[in-house]
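# Summary of structural features
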Amino acid sequence: MGNKYFLISKTLNIPFNKYNGNATRLSNNIPYTVNEVVVGIKGQKGCRKITTFKDSQGKIIERTLDYKGRAFRNRIYNHKDYTIGEEEYVNSTIIKEYSLPRCIMSVYNSFKDQFQQLGIKTTLWNKIKTQTNHVAENINDEKKFFSKMEIITKPNLNFETHSFIEYPQIINNKLTKGKNKFLSFKVNKSNNQYIEGSEKHKNIRFPKNDTYLGYRALDIEDMKEPITREFIIKRGLHPEDFKINTNYAEEEYPDRLSAFYQNGMICFNKFYPTKSKEELVSTSRHEVEHAWQYFLDARNTGGRGEFYKGIAQKYGKPKTPERQEEAQKYTKSIENYVTFDKNYKEYLKNYIEIMANKAGKEARNEYNQKGKSIRNSFKHIPEEML
């Protein structure tokens, strides 16, 4: 710690059920053990308390940083394992850092139970950084590669800074001589689009034709809402007419139903383990296509239910013969729809499902095609996360 700091107390491996501290946790995962370290600063009043929550395997779930006179900070950790080809094993750790001004903590505590019931404990907290560390190891020669993706956010700016870096290989736990691969650029917060001219890069080619560049550093959960909003706009729908729920608790089919569309809302099942970004892109685009189909059906029929009657009144009948014909096909399919739990084979034959699957597949192919450049540049980052 150097001469500036001195240790006040250090308590390690406290069973969580015996922990009596007051650190505020944002993670939904239940810890197994807790470490608490308190340090002082010479010549200054107050102290700094760092509390670390771990799972049963000793992996960090969350770390809280309570520094006197500064905003509270929490870091939430999520660990995932991947393989690249047949020879490379990758451990990826996503670290999301949040901050809350000290003066707001009393307000947060007043509503904490409500936030917990909604499953959104980070309400009122500002996300200031997302860092994803990738440690790739070749199972044959034990060579290691360390790569990092990072997103820096400042509340008072209308852009974020996204960066990717790959360090030279590690042999016998020592970093070898070599050149870093580096890419950095700014992303517009309002639409997740890369800001042209903001890029910096070394030892790689800039992926200038990648229209999904602003999503590559995001983790899957953080990508759900903005990519769906973008697809809504691209499909010619109005975002104000539709809602996106990324935290829907699907209890009947928790591991089978990834997302669904209903009455103007696209819902992502929070229990469903989406394995990759390309899967998310396909799912999101699929559900947006359903939104489009029901949007045209409402205009064709006058609306089924209050929401769709509102759509029909707002937009009126389809304006062209081609659009009218398209709407009629959707109407016929909706009126004869077979759900997946009744007959899965017949469900796949529903016209609206055929068209939604086609839209999802096209979006997935486009996402992968445009991602070839950045994936080739950073080969030790799992494709699932790019």
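See the structure printed just above.
The following refers to the structure shown. Here the residue index of a chain counts from 1 through its sequence in written order. Only residues with pLDDT of at least 70 get local features here, since the model is predicted, and only at 80 or more are side-chain atom pairs given and counted; chain-wide, interface and lining totals rely on the full set of residues. Neither water nor hydrogens contribute to the side-chain values; these are computed over all heavy atoms in the structure.

Further remarks concern the overall build of the protein. Runs of E in the DSSP output that reach at least two residues are strands. Runs of H or I that reach at least four are helices, and both are numbered from the N terminus. Helices and strands together make up the secondary structure of the protein, namely 8 helices and 16 strands. Dimensions of the protein, computed from C-alpha atoms along their principal axes, come out at roughly 80 × 50 × 40 Å. The buried share of the protein, taken over its 386 residues, is 44%. Each accessible area is a Shrake-Rupley estimate made with a 1.4 Å probe; only the visible protein chains count as cover when residues are assessed. Accessible surface, the protein as shown: approximately 21,400 Å² in total, 48% of it carbon and sulfur. By the counting rule applied here, Lys and Arg register as positive and Asp and Glu as negative, while His and the ends of each chain are not counted. Think of each charge as sitting on NZ of Lys, CZ of Arg, CG of Asp or CD of Glu. Once the 66 positive and 47 negative side-chain charges of the protein are each reduced to a mean point, those two points are 8 Å apart. Exposure categories follow from relative accessible area, calculated using a 1.4 Å probe and restricted to protein chains: below 20% of the type maximum is buried, above 50% is exposed, and the middle band is partly exposed.

A separate point is the side chain of Ser276. Counting through the fold element by element, Ser276 comes out in the loop between strand E16 (265-269) and helix H3 (277-301). Side-chain atoms alone can form a polar contact between residues adjacent in sequence; in general such a contact is a pair of N or O atoms within 3.5 Å, and within protein one must be able to donate a hydrogen while the other accepts it. Here the side chain of Ser276 touches Glu279 through a polar contact of 3.2 Å, landing on its backbone nitrogen. Contacts are assigned to residue pairs with any non-hydrogen atoms lying within 4.5 Å of each other. Every residue in contact with Ser276, bar those within four places of it in the chain, is listed here: Ile220 and Glu384.

Right, let's get into the sheet that holds strand E14 (residues 243-248). Spatially, 3 strands are ordered E14-E16-E15 in an open sheet, and the strand pairing comes out mixed. Every interior strand has two partners, whereas the edge strands, E14 and strand E15 (259-262), have only one. Sheet twist, expressed as the average angle between the axes of neighbouring strands with direction ignored, equals 20 degrees. When DSSP finds two or more bridges between a pair of strands, those strands are recorded as paired. Bridging between E15 and E16 involves 4 bridges; their strand directions are antiparallel. Note on E16: the bridge partner recorded for Ala259 is Phe268. Across the face of the sheet, helix H2 (residues 220-234) comes into contact with E14 and E16 while running at roughly 160 degrees to E14. In this analysis, axes come from line fits to C-alpha atoms, helices being fitted only over the stretch in contact, and the angle between any two N-to-C directions falls in the range 0 to 180 degrees.

Negative charge collects at one region of the surface, where Glu86, Glu87, Asp141 and Glu142 lie side by side. Relative to the helices and strands, Glu87 resides in the loop between strand E5 (72-84) and strand E6 (88-100). Patch membership needs two things, relative accessible area over 30% and no salt bridge, and members are linked within 9 Å if like-charged or within 5 Å if nonpolar (Val, Leu, Ile, Met, Phe, Trp, Tyr). What counts as a salt bridge is simple: a side-chain nitrogen of Lys or Arg found within 4 Å of a carboxyl oxygen of Asp or Glu.

Within soluble globular proteins, side chains that are nonpolar tend to cluster in buried spots. Remark: nonpolar core denotes a set of buried residues (Ala, Val, Leu, Ile, Met, Phe, Trp, Tyr, Cys) joined through side-chain atoms within 4.5 Å. One finds Phe164, Leu183, Met223 and Phe295 to be the most contacted residues of the largest nonpolar core, which totals 45 residues. Setting aside its immediate chain neighbours within four residues, Met223 contacts Tyr215, Leu218, Lys277, Leu280, Val281 and Tyr367. Judged by nonpolar contacts, the second largest core, of 9 residues, contains Leu26, Phe72, Met105 and Phe115.

A cavity, in this analysis, means grid points on a 1 Å lattice covering only the protein atoms where a 1.4 Å probe fits yet has no way out; a pocket is instead an open set bounded by protein on both sides within 12 Å along at least five of seven lines, and a residue lines either one if it has an atom within 4 Å of a point. Grid points are joined across faces, edges and corners, and a volume is the space filled by probe spheres set on the points. Considered as a void within the structure, the largest pocket measures approximately 1,600 Å³ in volume. In this classification, Asp, Glu, Lys and Arg are treated as charged, Ala, Val, Leu, Ile, Met, Phe, Trp, Tyr, Cys and Pro as nonpolar, and every other residue, Gly included, as polar. Its residues assigned to classes, the lining of the largest pocket shows 14 nonpolar, 15 polar and 14 charged. In this structure, the second largest pocket is lined by 36 residues; those nearest its centre are Leu257, Ala259, Phe260, Glu287 and Tyr347. For the lining of the second largest pocket, the elements supplying multiple residues, two or more each, are E15, H3, helix H6 (344-349) and helix H7 (351-370). The residue makeup of the lining of the second largest pocket, split by class, is 16 nonpolar, 10 polar and 10 charged.

Inspection of every chain in the model, using the stated rule, returns 21 salt bridges. Notably, a salt bridge pairs Arg216 with Asp210, separated by 2.9 Å at the nearest N-O pair. Residue Arg216 is classed as buried on the basis of its relative accessible area, which comes to 0%. For Asp241, the salt bridge identified is with Lys314, shortest N-O distance 2.9 Å. Of this pair, Asp241 sits in the loop between H2 and E14 while Lys314 sits in helix H4 (residues 306-315), placing them 73 residues apart in sequence. One connected set of salt bridges, linked through shared partners, spans Arg235, Arg285, Glu289, Arg323 and Glu326.

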